[in-house]
Amino acid sequence: MKSIIVFTITVLVVHSTADSVHPTFAPFYRYFKEDGTDHFYTTDISEIKTTVPGQTGEHGYTSEGIACILRTTPTSTTVPLYRYWKDSDTDHFYTTDPEEIGTTTKGATGKYDFVFEGIAGYCHPTQVADSVPLYRYWQSTSSDHFYTINPKEIGTVTSGQVGKYGYISEGITCYVFAYAN
């Protein structure tokens, strides 16, 4: 008796160039303002006009490469990652909790004088297959929020603990996908 075995393999490969990604995913590019006051993250390469690590683009932001991968469309298991801007501190802030700032109306000013700029992308509130935590940190001296999937960058993931460069861990923002180049 002959047996036929059929294997079905589903693989999600997130491979990117500066212009293309799987249509429901996009690189979340990380930038640092040359005056040392702000980390900025976006899926829209037209905002800074460079994705080349080390190259400075618009508004004095230098590309630090891809921070992670976000979903570009919502699913039943994702939540929006809201983006805010505080001009007086030159700080971008990202959260999945709309109550942290108190507004999701584009252009409206919420708590702490943060202005809602829009949805950066979609992420998972709990860990799903192949996802990793997106850690959030705060540096009070430069008024900078910093986000990374690499806990070694700051050296702590314990909320309230101070790590490298004076950044304080604020815990996990959400779960995203690592970039595989």
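Residues numbered from 1 in each chain as written. Predicted model: local features only at pLDDT ≥ 70, side-chain atom pairs only at ≥ 80, totals over all residues. Heavy atoms only, no water.

Peer 1: Explain the overall build of the chain here, please?
Peer 2: In terms of regular secondary structure, the chain is built from 0 helices and 9 strands. Secondary structure elements in the chain, listed N-terminal to C-terminal, are β-β-β-β-β-β-β-β-β. When each of the 181 residues of the chain is scored for burial, the buried share is 43%. In the chain, 58% of the contacts between residues at least 6 apart in sequence involve partners at least 24 apart. (Helix = DSSP H or I, 4+ residues; strand = E, 2+ residues; numbered from the N terminus. Buried < 20%, exposed > 50% of the residue type's maximum accessible area, 1.4 Å probe, protein only. Contact = heavy atoms within 4.5 Å.)

Peer 1: In this structure, what is going on with the environment of Gly54? I would like to understand it.
Peer 2: Position of Gly54 relative to the elements: it lies in the loop between strand E2 (39-42) and strand E3 (61-71). Residue Gly54 is classed as exposed on the basis of its relative accessible area, which comes to 58%. In this structure Gly54 touches Thr62 and Ser63, once residues within four positions along its chain are discounted.

Peer 1: Teacher, can you tell me more about the pairing of strand E4 (residues 79-86) here?
Peer 2: Successive side chains on a regular strand alternate, one facing one side of the sheet and the next facing the other. Most of E4 sits inside the fold, with 6 of its 8 residues counted as buried. When E4 meets strand E6 (residues 115-123), the two strands line up antiparallel, connected through 7 bridges. Of the residues in E6, the one forming a bridge with Val79 is Cys123. Here E4 runs beside strand E5 (residues 91-95); their pairing, made up of 5 bridges, is antiparallel. Among the inter-strand pairings, Tyr84 is bridged to a residue of E5, identified as Phe93. In this structure, the hairpin formed by E4 and E5 is closed by a connection of 4 residues, where Thr90 is found at a positive phi of approximately 50 degrees. (Pairing = 2+ DSSP bridges.)

Peer 1: It is not clear to me how unusual backbone geometry should be interpreted in this structure. Could you clarify?
Peer 2: In most cases, non-glycine residues show a negative phi, while peptide bonds are predominantly trans. One non-glycine residue, Thr90, lies in positive phi territory at about 50 degrees. Tracing the sequence through the fold places Thr90 in the loop between E4 and E5. In this structure, Ser143 is a non-glycine residue whose phi angle is positive, near 50 degrees. In this fold, Ser143 is placed in the loop between strand E7 (131-139) and strand E8 (144-148).

Peer 1: Help me out: how do you make sense of the pattern of salt bridges in this one?
Peer 2: Oppositely charged side chains can pair when the atoms bearing their charge come close. In total, this model carries 7 salt bridges according to the counting rule given. Here Glu153 and Arg30 are joined by a salt bridge, their closest N and O atoms 3.0 Å apart. On the criterion of sequence distance, the pair formed by Glu153 in the loop between E8 and strand E9 (168-177) and Arg30 in strand E1 (residues 25-33) is long-range, its members being 123 residues apart. Note on Arg30: relative accessible area 12%, which makes it buried. Its salt-bridge partner being Glu117, residue Arg83 comes within 2.6 Å of it at the nearest N-O pair. Here Arg83, found in strand E4, pairs with Glu117, found in strand E6; they are 34 residues apart in sequence, far enough to count as distant. Residue class for Arg83 comes out buried when judged on its relative accessible area of 13%. Overlapping salt bridges, with partners in common, bring together Arg30, Glu64 and Glu153 in one network. (Salt bridge = Lys/Arg side-chain N within 4 Å of Asp/Glu carboxyl O.)

Peer 1: What's the story with the nonpolar core in this structure? I'm lost.
Peer 2: The nonpolar side chains of soluble globular proteins are, as a tendency, buried together. In terms of nonpolar packing, the biggest core is built from 30 residues, with Phe28, Leu81 and Tyr94 touching the most fellow members. What Phe28 contacts, discounting residues up to four positions off in sequence, is Tyr41, Thr42, Thr43, Ile66, Ala67, Cys68, Leu70, Leu81, Tyr94 and Ala120. (Core = buried A, V, L, I, M, F, W, Y, C linked by side-chain atoms within 4.5 Å.)

Peer 1: Would you mind going over the confidence of the model for the chain with me for this structure?
Peer 2: Parts of the model with low pLDDT should not have their predicted coordinates read in detail. On average, residues of the chain carry a pLDDT of 89, and 87% of them reach 70 or more. Counting interchain partners and residues more than four positions distant, the pLDDT-below-50 stretch residues 1-21 has 18 contacts. (pLDDT = per-residue confidence, 0-100.)

Peer 1: Where do I start with the side chain of Arg83 in this structure?
Peer 2: A polar contact is formed between the side chain of Arg83 and the side chain of Glu47, at a distance of 2.9 Å. Excluding residues that lie within four positions of it along the chain, Arg83 makes contacts with Phe40, Tyr41, Thr42, Glu47, His92, Phe93, Tyr94, Val115, Phe116, Glu117, Gly118 and Ala120. (Polar contact = N/O pair within 3.5 Å; in protein donor to acceptor, adjacent residues only side chain to side chain.)

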